[in-house]
Amino acid sequence: MSGRIVRCVLGLLIVALAIPIPVRADSLPEVVAQHWIIMDAETGQIVAERAARQPVAIASLTKVMTAVVALERGALDQPVTIVPEDLIGESSAGLRAGQVVTLRTLLYGLLLRSGNDAAMAIARAVGGSPDAEDPAARQRFVTWMNAKAVELGLQATSFRNPHGLDEPGHVSSAYDLARLTRVALADPVFVEIFGAASYHGEGFSWRHTNRLPERYPGIIGGKTGWTDEAGLCLIEVAERAGKTAIVVLTGSTLAAWYDDAAKLLDYGWTKLDRLTGPADAERLFDWWWRRTEDPVARGLVVRTWLWGPALGPVEWEAYADAPDGKRLVRYYEKGRMELTHPDRAVDARWRVTGGRLAWELLTGWQQIGDETYVQRKPAAIAVAGDPGNPVTYALLGTLLAAPSGPADEPVTARLFPDGTVVHDVELARYGVRYGAVYRETNHGVASIFANWLEQRGSVWAGYRLREEPLFSPWIAVVGYPITEPYWVRVPVRGVEQDVLVQCFERRCLTFTPANPPGWQVEMGNIGVHYRQWVQRDRGLLLQDLSRSS
């Protein structure tokens, strides 16, 4: 075995992976939004801002103040009769004249669906006329909104209506809205509504208009808004490892507003959550783990582990292109968490990376830098089933260049320990089909795994469970497929069973039809196997050196 370090590009052996290039934290993010601010929700400290004090149209971000005043002055169980004058059009919660709805439900319609009809009904009802049209009651409520702005010292803020449609003199600033949001977050009822993904009650079924939680981990609430004058506007509140950030932006575009918010949050974490050593990395890794794994550990959900238990503490590991030639890592049963560039603003979905562990085990090349590799041997470790069986990473590594299966056809390829692949039509009974080929690797994802990777589930968002994608995106956790799916016959807890196995760059997935629902698709124990591989290889090297001496 050669222990030499090879610095090279390994041609077809290296699978290209589009990881976002980090931006240095001392460079302000480039966004489309004309006005924005990043604020520490705990202290009120301003992390960064641009034109954030300028009074501008704010569209439906207005509704945060509408909710604050309604929660201060109204009763959640107050019944409100919807009148025709409430139904002003544009963004709507779908209310109808004559309906009787509680204030609580109207607040969900206000913040989730951004309903102008809900805003009008709330202002009228809380202003003193819950059962009939009364413009004076609605105007009284707007007066309270302005009084609250004065009380909070929001000097660039003036309201003319409770909904935010463009109107002369109806303005605020990103700075004022961030301060208002910080105040609102002190009310647990506001936080509950603000952070809800959906609401079902009193005959209504609403989903939040905010789509950032679908692609950004840690969002605990948000508010959308858009008008011709305001452009596209957002308030986003995100939590990470005990820190909370508020981002407000106005004057963006439909193509850019969520990207803008994500970039601002990514930048904000470099200032609010500085990562310098093992203790900081442990806090981040624990937060990342808690999001998906804690509900499993507590028995709150029935699904398989994505990471599994930690195998040890956070440690420094050599990596040629990390600061000082080392990065922070922690191994888990089913993977490895890495923090390579803690000083840079990185897309949050890639803040914690996992390494191409499966690729390394299959090829025998251990990656210790962006283009630096140690040549070892492919891992003679069982990839699926009980330890010690002959279906190993090394065996699958001989099949990296195998042709892809025809899309939508049944997966019937059975792999034998000697490397022979035979098509067994009886395996079609499991209903698994080949997926479309990814040009990055020339392999597709088996249908059972593709469906699993697209699943939604309960994750922690702050201190509440919320339905979100478990993988966003899935290539960040598992990578692209690097083998075809193969049926193997291996012992599982001592019983020979059919198991489908497919390896990706970072993980290997198995499908065991005989397992109970919720546990049929599993991540392999690649964190355990990788450590065994490296430690075993080091042991063999030491033996060789001992003999030679």
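Before any of the text, the structure's been laid out above.
Every chain begins its residue count from 1, and numbering advances along the sequence as written. Per-residue local features are limited, in this predicted model, to residues with pLDDT of at least 70; the limit for side-chain atom pairs, both in listing and counting, is 80 or more; totals at the level of whole chains, interfaces and linings are taken over all residues. Hydrogens and water are ignored here; the side-chain numbers use all heavy atoms of the structure.

Turning our attention to the sheet that holds strand β13 (residues 326–332). Taken in spatial order, the three strands line up as β12-β13-β14 in an open sheet, and their pairing is antiparallel. Where the open sheet ends on each side, the last strands, each with one partner, are β12 (315–318) and β14 (335–339). The mean inter-strand angle of the sheet, taken between neighbouring strand axes irrespective of direction, is 45°. At least two DSSP bridges between two strands are needed for those strands to be called paired. Only DSSP runs of H or I with at least four residues qualify as helices, and only runs of E with at least two residues qualify as strands; both kinds are numbered from the N terminus onward. Sheet topology note: the β12/β13 ladder contains four bridges and is antiparallel. Within β13, the position partnered with A318 by the bridge is K326. Here helix α8 (residues 278–297) sits on the sheet and contacts β12, β13 and β14; the angle it forms with β13, its principal contact strand, is near 40°. Axis definition: a line fit to C-alpha positions, over the contact stretch in the case of helices; interaxial angles, taken between N-to-C directions, run 0 to 180 degrees. It only takes one pair of heavy atoms within 4.5 Å for two residues to be counted as in contact.

A pair of cysteine sulfur atoms is labelled a disulfide when the two atoms are within 2.5 Å. This structure, assessed with the given rule, holds one disulfide. The disulfide partner of C503 is C508, and the gap between their sulfur atoms is 2.1 Å. Around the S-S axis, the bridge from C503 to C508 shows a dihedral of about 100° and counts as right-handed. Since its relative accessible area comes to 0%, C503 is described here as buried. Residue C508 is classed as buried on the basis of its relative accessible area, which comes to 1%. Burial classification: accessible surface area is computed with a 1.4 Å probe over protein chains only, and a residue below 20% of its type maximum counts as buried, one above 50% as exposed, and the rest as partly exposed.

In spatial order, the strands read β4-β3-β11-β10-β9; together these five strands make up an open sheet with antiparallel pairing. Each edge of the open sheet is held by one strand with a lone partner, namely β4 (46–50) and β9 (219–227). The mean inter-strand angle of the sheet, taken between neighbouring strand axes irrespective of direction, is 5°. Bridge count for strand β3 (residues 35–40) against strand β11 (residues 243–252) is six bridges, and the pairing is antiparallel. Paired with I37 across the strands is V248, a residue of β11. The sheet contacts of helix α5 (residues 174–184) involve β3, β4, β10 (231–240) and β11, and relative to β3 the element is tilted by about 35°.

Let us look at the environment of R283. By the element assignment, R283 lies in helix α8. Judged by relative accessible area, which is 28%, R283 ranks as partly exposed. For the pair R283 and A123, spaced 160 residues apart in the sequence, the C-alpha separation amounts to 43 Å. Other than its neighbours up to four places away in sequence, R283 contacts A241, D273, R274 and L275.

Attention now goes to the pattern of salt bridges. A pair is scored as a salt bridge if a Lys or Arg side-chain nitrogen falls within 4 Å of a carboxyl oxygen belonging to Asp or Glu. A complete count under the given rule lists 29 salt bridges for this structure. Among the ionic pairs, D77 bridges to R104, the shortest N-O distance being 3.4 Å. Pair noted here: D77 is in the loop between α1 (63–73) and β5 (79–81) and R104 is in helix α2 (residues 103–111), with a separation of 27 residues, a long-range link. Among the ionic pairs, R283 bridges to D280, the shortest N-O distance being 3.2 Å. Linking R283 with D280, this pair stays in helix α8, spanning three residues, or about one helical turn. Since its relative accessible area comes to 18%, D280 is described here as buried.

On to the nonpolar core. Most often, soluble globular proteins have nonpolar side chains that are buried together. Core analysis: the largest hydrophobic core is formed by 77 residues, its most contacted members being V383, Y393, L453 and F471. For this core, the element with the most residues is α8, which contributes six residues. Those residues in contact with V383 that sit more than four places away from it in its chain are V391, T392, Y393, L396, V501, C503, C508 and H529. Here, the term nonpolar core denotes a set of buried Ala, Val, Leu, Ile, Met, Phe, Trp, Tyr and Cys residues that are joined through side-chain atoms within 4.5 Å. One finds A52, L106, L107 and I220 within the second-largest nonpolar core, a separate group that totals 62 residues.

Without other data, these values stay purely geometric and don't point to any function.
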